[in-house]
Amino acid sequence: MVEANTPRDFGDEVVRLPKVEIYVTDVCNNRCSYCTTGWDNTENKRSSLKHVPRETIRAHLEEHFAKGARRVVFQGGEPTVRRDLGELLADARALGYEATTVFTNARAAASPIGARWLASMGVTWFQVSIQGGTEEAHDESVVAGRAFGQTIEGTRRLLALGQRVKVNGVLTRHLLSTLREFAALMIELRPEEVGLDVVRPSPAFAPDRASYEDLLPPLSRYSEALRDALLAMNAAGVPARVISCPPCLVPGAEHLVSDEQSSTVTQIPTGEFMPKLAQRRSLQVKPERCSTCAYDQGCPGVFGLYAEHHGVGELRPIAARRELPRAPEPALDHTTPLTRALRALFVKATEGPTGVRAVEPRPDGTHELLCFGPKGELRVLVAPRGAGPAYASTASFSLSYRADPEGPPPDLRLIDAVAQALRKVEVRLAPLLGPRAEPPIPRPT
Ligand code: SF4
């Protein structure tokens, strides 16, 4: 939380909408050891765990909308275990909320049906919880077997269906020890942003529950790994920040520390709503010497519980602030109605032996389809008819392909299949043709 140095293009800074976080269920298919709900699920019978009634959630939505909230995050437990999640989101939109987030482990999206069900809800963002860079680390952190595979598959499917995905990780020893793999995974998945949160004190660390000391070793041991992971993700175009962490614990990446916006209101496990940042600050501490640090103003220090276990010796004042790198020019998102129509037509949540993995718009208004089949992959370019040399044409489209000249011969049946599918829906797609169908949308980077 370094106000003057917090990049404006990250998380809440992008949206700038007052936000409320609402619990929608106790039930979860993970058992994260740092999570109060995870422990409730471990210790209580499933029958004693409840979904919050829809009327209660609607009342919370109304109350906080009246107080100014315009963005809602549904959290839990795992919101996607509710069959009426779509109705809750519809309630929020009907009240006037401008943006919705579902905080999820995305395991429900691992199946084609589940992914399509979630993608049909009109969610603004799915915030996917990924807690390790490897299967072993993630599954141990969330205390659930085969969770990693489902979470990653679910994330891929949501992205393939054109959904907006952010990733959240909690800096337990599981994630800290696999940061390199985690960064590589994020660079491959390319979510809209990545937030790495420090472990917060909670009833999950009550006696007979998780050990804070075991779960969170001294962060200074991982300073370099954390810095390298943050820098690698950002250099690859994946905005990544560490949240609510003293900058002195990530030397070299001090400018990548961020924090919650002060207007956010969150519901805590007791059911009360509290200002999130103020509640965090009430639990954080710093040593006297911080008054000489260039980051003193705005730096949160560490949680008192962390200081009890690890002391504050690793917090070392920094002489000068690190310059925030110049913000890059906003990239353009070339997505158009035709892009969405092509994705809906070709990218299926289920994968057979032949299909289209992704549809990407290009700056010139054409589209590139990543097709796959038993003989490998082929990039098929779809352009308005007559826009250039073509391998195949339909009434409205020209199709060509890009193949590796050094690789095996392209499987031309893939491009024939695309042409055939286009012919069937030509009448519907033709009006969407052309770069002027909808101007490119400026997209925050
Ligand atoms: S020395 Fe203190 S003020 Fe400076 S970054 Fe560390 S914790 Fe924050």
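Quick caveat, the model's predicted, so the values are computed rather than measured. (Residues numbered from 1 in each chain as written. Predicted model: local features only at pLDDT ≥ 70, side-chain atom pairs only at ≥ 80, totals over all residues. Heavy atoms only, no water.)

With that out of the way, let us pick up the sheet that holds strand 9 (residues 265-267). Taken in spatial order, the 10 strands make up an open sheet running 8-7-6-5-4-3-2-1-9-10, and their pairing is mixed. Of all the strands in the sheet, just strand 8 (257-258) and strand 10 (273-275) have a single pairing partner and so form its edges. Where strand 4 (residues 125-129) lies against strand 5 (residues 165-170), 4 bridges are found, and the strand directions are parallel. In the sheet register, Q127 faces strand 5, and the bridge partner there is K166. (Pairing = 2+ DSSP bridges. Helix = DSSP H or I, 4+ residues; strand = E, 2+ residues; numbered from the N terminus.)

This part takes up the pattern of salt bridges. The tally for this structure, following the rule as stated, stands at 27 salt bridges. One salt bridge connects K276 with E21, and the closest N-O pair in it is separated by 2.9 Å. Taken together, the positions of K276 in helix 12 (residues 276-281) and E21 in strand 1 (residues 19-23) put the pair 255 residues apart, joining distant regions of the chain. Across the pair K67 and E63 runs a salt bridge whose closest N-O atoms are separated by 2.9 Å. Within the structure, one salt-bridge network assembled from shared partners comprises D197, R200, D259, R280 and R281. (Salt bridge = Lys/Arg side-chain N within 4 Å of Asp/Glu carboxyl O.)

Now for the packing of helix 14 (residues 337-346) against helix 15 (residues 413-424). Where helix 14 meets helix 15, the closest approach of the two axes is 11 Å, and the angle between their N-to-C directions is 110°. As far as their axial angle goes, helix 15 and helix 14 are roughly perpendicular. With respect to the hand of their crossing, helix 14 and helix 15 are arranged in right-handed fashion. Every residue of helix 15 that contacts helix 14 at L342, L345 and F346 is listed here: V418, A421 and L422. Split by residue class, the contact of helix 14 with helix 15 holds 6 nonpolar, no polar and no charged. (Axes fitted to C-alpha atoms, helices over the stretch in contact; angles between N-to-C directions. Parallel < 35°, antiparallel > 145°, perpendicular 65-115°, else oblique. Left-handed = near helix turned anticlockwise from the far one by under 90°. Contact = heavy atoms within 4.5 Å. Nonpolar A, V, L, I, M, F, W, Y, C, P; charged D, E, K, R; others polar.)

Here we take up the side chain of R280. Mapped onto the fold, R280 is located in helix 12. Among all residues touching R280, those that are not within four sequence positions of it are D197, R200, I243, S244, D259 and F303.

Strand order in this open sheet of 5 strands is 14-15-16-18-17, and the pairing throughout is antiparallel. A strand with exactly one partner marks an edge of an open sheet, and here the two such strands are strand 14 (355-361) and strand 17 (392-393). As paired elements, strand 14 and strand 15 (residues 367-373) share 6 bridges and run antiparallel to each other. Across the sheet, the residue bridging to A358 is L370, located in strand 15. The strands that helix 15 touches are strand 15, strand 16 (376-384), strand 17 and strand 18 (397-402); relative to strand 18, the one it contacts most, it runs at about 160°.

These values are about where atoms sit, not about what they do.
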